[in-house]
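Listed here are the chains, written in short residue letters.
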Amino acid sequence: AWEPGGLPQGEAKSLWGLESDCEGPESIRDTRGGDQTTALPFSPCPSAALSQVSYARPSSASIRDANLYVSGLPKSMSQKEMEQLFSQYGRIITSRILVDQVTGVSRGVGFIRFDKRIEAEEAIKGLNGQKPLGAAEPITVKFANNPSQKTGQALLTQLYQSSARRYAGPLHHQTQRFRLDNLLNMAYGVKSPLSLIARFSPIAIDGMSGLAGVGLSGGAAGAGWCIFVYNLSPEADESVLWQLFGPFGAVTNVKVIRDFTTNKCKGFGFVTMTNYDEAAMAIASLNGYRLGERVLQVSFKTSKQHKA
DNA sequence: TATTATT
């Protein structure tokens, strides 16, 4: 029987075929448009506009591992455009583009599930490393990782980190009360020392031309200067980035890049800062900074592909 | 692990 919030767990498992290559509710989407899909006249989930129930696709070797992970997509590319790009290689069962939860803008990352594994293989051959029609950067196309293949330890670590992050951001934002310009103002009576830096910045000299290829990210809400931080320890987490960069000004986002399977930091991360002057000051101050046993390398993010 | 992103 239907209950608010969905099917009883045991029935959902057998109905959706969680043991197969499909994962839970995705399987419902998998057969959207198929001839055995039934739309319900009501919604078992209060937030859902429409629910659909259908037979799961039979599990077989030919459709297993047909799910692709795509990164480096142009932020402007829609899900439909991504499907058009991949549809030349086979029948697409489902697709998704991940978006920023706050701004709604594309994160440049998506998924494509083909009907057949062979189609996915051909799509990798044909599209991995290719630039989609007039895009500045090539995309990466590979088989998607399956969350269920994560180790229990990695899952625990991620659970811990996701709950710790909820506090790390706002907490360390408070350090911005001690912004560098305010500190210097108090210490030296300088009205706005950062404006002195601005006078000698590439912006002041020749506008934006000196900054081609560095990390000014576009988009109205997501705008900011992206900073690359290298030589983080395998145990580094987001809080260290907040602590390091927060005192220099407005930090809107930090990210430690981890191995998806082990959850260990790959040695680098990214920080987005709103203002060029503050980002430049943070880079000048933190590049070469010794964090524990490690010496950090900090710079504006560049496009690896275009580097000379 | 040297310029992200894993539904």
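Rules of the game
Here, residues in each chain are numbered from 1, in the same order as that chain's written sequence. The order in which chains are written sets their letters, starting at A; the order in which ligands are written sets their numbers, starting at 1. In view of the model being predicted, local features appear only for residues whose pLDDT reaches at least 70, and side-chain atom pairs are presented and counted only at 80 or more, with totals across whole chains, interfaces and linings using the full set of residues. Excluding hydrogens and water, the side-chain figures rest on all heavy atoms present in the structure. By the convention used here, strands pair only if DSSP detects at least 2 bridges between them. In this description a helix means any DSSP run of H or I spanning at least four residues, a strand means any run of E spanning at least two, and both kinds are numbered starting from the N terminus. Here an axis means a line fitted to C-alpha atoms, over the contact stretch when the element is a helix, while the angle between two N-to-C directions is reported on a 0 to 180 degree scale. Throughout, a contact is declared for two residues whenever any of their heavy atoms are within 4.5 Å. When a residue's accessible area, from a 1.4 Å probe over protein chains only, is under 20% of the maximum for its type it is buried; when over 50% it is exposed; and in between it is partly exposed. Among the buried residues, those of types Ala, Val, Leu, Ile, Met, Phe, Trp, Tyr and Cys that are joined through side-chain atoms within 4.5 Å form a nonpolar core. The rule for a residue being near a molecule or strand is that one of its heavy atoms must lie within 4 Å of it. Any pair of nitrogen or oxygen atoms within 3.5 Å is treated as a polar contact; in protein, a donor-acceptor pairing is required on top of that, and neighbouring residues in sequence qualify only through side-chain atoms on both sides. In this scheme Phe, Tyr and Trp rings, the latter by its six-membered ring, pair at centre separations within 6.5 Å, and the angle between planes marks the pair as stacked below 30 degrees, edge-to-face above 60, and tilted otherwise. The term salt bridge refers to a side-chain nitrogen of Lys or Arg lying within 4 Å of a carboxyl oxygen of Asp or Glu.

## Remarks on the sheet that holds strand E6 (residues 140-143)
Then, in step 1: Ordered in space as E4-E5-E3-E6, the four strands form an open sheet in which the pairing is antiparallel. The open sheet has two edge strands with one neighbour each: strand E4 (92-99) and E6. Strand after strand, the sheet turns through a mean of 20° between neighbouring axes, direction not considered.
Then, in step 2: Relative to E4, helix H3 (residues 79-86) is tilted by about 135°, and along the sheet it contacts strand E3 (67-71), E4, strand E5 (106-114) and E6.
Then, in step 3: Lying on the sheet, helix H4 (residues 117-127) is in contact with E3, E5 and E6; it crosses E6 at an angle near 155°.

## Comments concerning the environment of Gly-152
Then, in step 1: Within the secondary structure, Gly-152 sits in helix H5 (residues 152-173).
Then, in step 2: By relative accessible area, Gly-152 is classed as partly exposed at 47%.
Then, in step 3: Spatially, the C-alpha atom of Gly-152 lies 9.9 Å from that of Thr-262, the residues being 110 residues apart in sequence.

## Notes on the nonpolar core
A general feature of soluble globular proteins is that nonpolar side chains tend to end up buried together.
Then, in step 1: Within the largest apolar cluster, 27 residues are counted, with the highest numbers of intra-cluster contacts made by Ile-227, Val-229, Leu-241, Phe-245, Val-271 and Met-273.
Then, in step 2: Sorting the residues of this core by element identifies strand E8 (224-230), helix H9 (238-245), strand E9 (251-258), strand E10 (265-273), helix H10 (276-286) and strand E13 (297-300) as the ones contributing at least two each.
Then, in step 3: Beyond its immediate stretch of four places on either side in the chain, Met-273 contacts Gly-224, Trp-225, Ile-227, Phe-245, Phe-248, Gly-249, Ala-250, Val-251, Glu-278, Ala-279 and Ala-282.
Then, in step 4: Core analysis: the second largest hydrophobic core is formed by 18 residues, Leu-85, Ile-97, Ala-120 and Ile-124 among them.

## Quick notes on the protein's contact with DNA strand B
Then, in step 1: Asn-67, Arg-96, Phe-260, Lys-301 and Lys-304 are the nearest of the 24 residues found near DNA strand B.
Then, in step 2: Put simply, 40% of the atoms of DNA strand B that lie within 4 Å of the protein are in sugar or phosphate.
Then, in step 3: One nitrogen or oxygen atom from the side chain of Lys-75 is found 3.5 Å from a base nitrogen belonging to DNA strand B.
Then, in step 4: Interatomic distance of 2.8 Å between a side-chain N/O atom of Tyr-230 and a base nitrogen of DNA strand B.
Then, in step 5: At the level of secondary structure, the elements contributing two or more residues to the surface near DNA strand B comprise E3, E4, E5, E8, E9 and E10.
Then, in step 6: Looking at the surface near DNA strand B, the element that brings in the most residues is E5, giving three residues.

## Description of the packing of aromatic side chains
Then, in step 1: Under the criterion given, the structure shown has nine aromatic pairs.
Then, in step 2: Ring centres 5.6 Å apart and planes at 55° place the aromatic pair Trp-225 and Phe-300 in the tilted group. Here Trp-225 is found in strand E8, whereas its partner Phe-300 is found in strand E13, with 75 residues between them in sequence. Each member of the pair Trp-225 and Phe-300 is classed as buried.
Then, in step 3: When the ring of Phe-228 is compared with that of Phe-268, the centres are 5.8 Å apart and the planes differ by 50°; the resulting orientation is tilted. Within this pair, whereas Phe-228 is found in strand E8, its partner Phe-268 is found in strand E10, the two being separated by 40 residues in sequence.
Then, in step 4: The exposure class assigned to Phe-228 is partly exposed, which follows from its relative accessible area of 26%.
Then, in step 5: One aromatic cluster in this structure is built from Phe-228, Tyr-230, Phe-268 and Phe-270.

## Focus: H9
Then, in step 1: Here H9 lies mainly inside the structure; seven of its eight residues are buried.
Then, in step 2: Listing the buried residues of H9 in full gives Glu-238, Ser-239, Val-240, Leu-241, Trp-242, Leu-244 and Phe-245.

## Some remarks on the pattern of salt bridges
Then, in step 1: Tallied over the entire structure, the rule returns seven salt bridges.
Then, in step 2: Between Asp-115 and Arg-91 there is a salt bridge whose closest N-O contact spans 3.8 Å. In this pair, Asp-115 sits in the loop between E5 and H4 while Arg-91 sits in the loop between H3 and E4, placing the two residues 24 residues apart along the sequence.
Then, in step 3: Look at Arg-91 and you get exposed, because its relative accessible area is 51%.
Then, in step 4: A salt bridge links Glu-238 to Arg-258, with the shortest nitrogen-to-oxygen separation between them at 3.0 Å. Note that Glu-238 is positioned in helix H9 and Arg-258 in strand E9, a separation of 20 residues in sequence.
Then, in step 5: With relative accessibility at 4%, the residue Glu-238 sits in the buried group.
Then, in step 6: Through salt bridges with shared partners, a single network forms among Arg-57, Arg-91, Asp-115 and Lys-116.

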